[in-house]
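A structural walkthrough
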Amino acid sequence: MSAPKLFSPGPVLVKANVRNALLHYDICHRSKEFEAMFQDTQKKIIKLFNADESYYAVIVSGSGTSANETVLSSVVKPGESVMLLRNGLFGERLQEILEKYKTPYVDVSFPWATAFDTDVIEAQMKAHPEAKIVAMVFHETSTGMINKAYEVGQLCAKYGRKLFTDTVSAAAGQHIDVVKNNITFATSVGGKCLGAFPGSAYVIAKTAELEQLTPDQCHNVYLNLYKHYVSARDTHQTPNTPNVNLFWPLNQALTNVFEEGGLDARVARYEECAAIIRQGLKDMGLKLLLGDADHKSSTVTSVFLPVDAKTFLREMEDRGYVFYIGKADYAKQNMIQVANMGEIYPQDCRNMLRVFKECLETVKNM
Ligand SMILES: Cc1ncc(COP(=O)(O)O)c(C=O)c1O
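This is a predicted model, so every value here is computed, not measured.

Let us look at the sheet that holds strand 11 (residues 287–288). Strand-to-strand pairing in sheets goes through backbone hydrogen bonds, with the strands running parallel or antiparallel. As summarised here, the arrangement of the four strands in space is 11-12-15-14, forming an open sheet in which the pairing is antiparallel. Only two strands of the sheet have a single partner each, and these edge strands are strand 11 and strand 14 (324–325). In this structure, strand 12 (residues 300–304) lies alongside strand 15 (residues 335–339), joined through five bridges in antiparallel fashion. Within strand 15, the position partnered with phenylalanine 304 by the bridge is methionine 335. Sheet strands in contact with helix 10 (residues 263–283) are strand 11, strand 12 and strand 15, and its direction is about 10 degrees off that of strand 12.

Another aspect to go through is the pairing of strand 15. The two faces of a sheet get side chains in turn, since along a regular strand they alternate between them. Of all five residues that make up strand 15, five are buried, and the element is covered over most of its length. Of the two faces of strand 15, the one holding Met335, Gln337 and Ala339 and the one holding Ile336 and Val338 are both buried throughout. Looking at chain direction, strand 14 and strand 15 are connected through two bridges and run antiparallel. Bridge pairing in strand 15 links tyrosine 324 to glutamine 337.

With that settled, the discussion passes to the environment of proline 129. Following the sequence through the fold, proline 129 ends up in the loop between helix 5 (118–127) and strand 5 (131–137). For the pair proline 129 and serine 188, spaced 59 residues apart in sequence, the C-alpha separation works out to 28 Å.

Attention now moves to the packing of helix 10 against helix 13 (residues 346–364). Between helix 10 and helix 13, the least distance of the axes is 9 Å, while the angle of their chain directions is 20 degrees. One way to sum up the angle between helix 10 and helix 13 is to call them roughly parallel. The two elements helix 10 and helix 13 meet at a crossing, and its hand is right-handed. Every residue of helix 13 that contacts helix 10 at Glu272, Cys273, Ile276, Ile277 and Gly280 is listed here: Pro346, Cys349, Arg350 and Leu353.

Below, the discussion takes up the environment of lysine 282. Looking at the secondary structure, you find lysine 282 in helix 10. Given 12 C-beta atoms within 10 Å, lysine 282 falls into the exposed group. When the C-alpha atoms of lysine 282 and glycine 320 are compared, they prove to be 22 Å apart, with 38 residues separating the residues in sequence.

Cis rather than trans, the peptide bond between glycine 10 and proline 11 has omega equal to -5 degrees. Turning to its location among the elements, proline 11 is positioned in the loop between strand 1 (5–6) and helix 1 (16–21). With a phi angle near 75 degrees, alanine 172 is a residue other than glycine that sits in the positive phi range. With respect to the secondary-structure elements, alanine 172 resides in the loop between strand 8 (162–166) and strand 9 (183–189). What makes alanine 172 buried here is the crowd of 29 C-beta atoms within 10 Å. Even without being a glycine, alanine 328 presents a positive backbone phi close to 50 degrees. Position of alanine 328 relative to the elements: it lies in the loop between strand 14 and helix 12 (329–332). Given 13 C-beta atoms within a 10 Å radius, alanine 328 is considered partly exposed.

Definitions and limits used
- Residues numbered from 1 in each chain as written.
- Predicted model: local features only at pLDDT ≥ 70, side-chain atom pairs only at ≥ 80, totals over all residues.
- Pairing = 2+ DSSP bridges.
- Helix = DSSP H or I, 4+ residues; strand = E, 2+ residues; numbered from the N terminus.
- Contact = placed C-beta atoms within 7 Å.
- Axes fitted to C-alpha atoms, helices over the stretch in contact; angles between N-to-C directions.
- Buried ≥ 20, exposed ≤ 12 C-beta atoms within 10 Å, placed from the backbone.
- Parallel < 35°, antiparallel > 145°, perpendicular 65-115°, else oblique.
- Left-handed = near helix turned anticlockwise from the far one by under 90°.

Honestly, that's just the spatial picture; any functional story needs more than this.
Structural data, given as structure tokens:
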């Protein structure tokens, strides 16, 4: 079988130099060579988020959920609660973590694919002074909507709250800017917009907040932000045995963003690809979940099919293309998600659309 074209929101197609980075000779995570590469990777993550010297990055071996769990199980102090803003599946995943750790939270929910109402959020902030941490998803992957991080960040500044954004599907795909958006904690992974492999996650946070963490307030042994921070700060290492071999590709993928012309160039490529995909799907008469006025991401397009989505996805897989089925009820409505993360260029999108159109006709006639 030949390699499939992954138009899925992770895992993604990686550049050859990222794959080749896996072939690096084996090193020990307690060696000077690891420490140097670890520090170099931290610096590049900080740059990716347009952060200044008041921020610090730690790297967690695991998926996006592990980074989210590291933050949410570590940063809430006794007597505090979290204000959860959600409008999709990945907001619900944050909720699942809060529930699991029995963390008190104020649930501010909006219907899926609906923009946050900042008046509602402001009223909730006034009513809940104990909700010191506001948690939200930056790019709600289940719909493809970019949430109002800037507006929420402004409210957090006004009411003295700390903003945690899950930027798992946004880092290297959107302009995040933790300083401008007043973000205190953010999480992401290598295996999405950055173009590395799944299995590497990271947390970026204000150093002053990390300095205030105590071992007692962290409720997980492995996904422990205090341990990760102290270990990184004092030894330039991870507390446990990390996925050493995945650090090299992660580092290379970060370098690739800067060599492509920086984050602006990467986002511009993704926007161009998304525009081609969206126009192509509309030209086929298909309906997109988000309208032109909605704040669509540069990498995920949610589209309803006039045929059985599962059959269509199987047929496309036979033709070498992989997408995602829509989450929850969207699947029943035959919605699929077409992503353009990683090594995907405008011509790949045009080629994909040609096959998409033919396949749609085939499935219609089945
Ligand atoms: C916004 C967001 N948060 C969290 C996750 C969970 O990440 P993982 O499946 O890597 O644990 C995802 C996965 O797609 C995501 O898109």
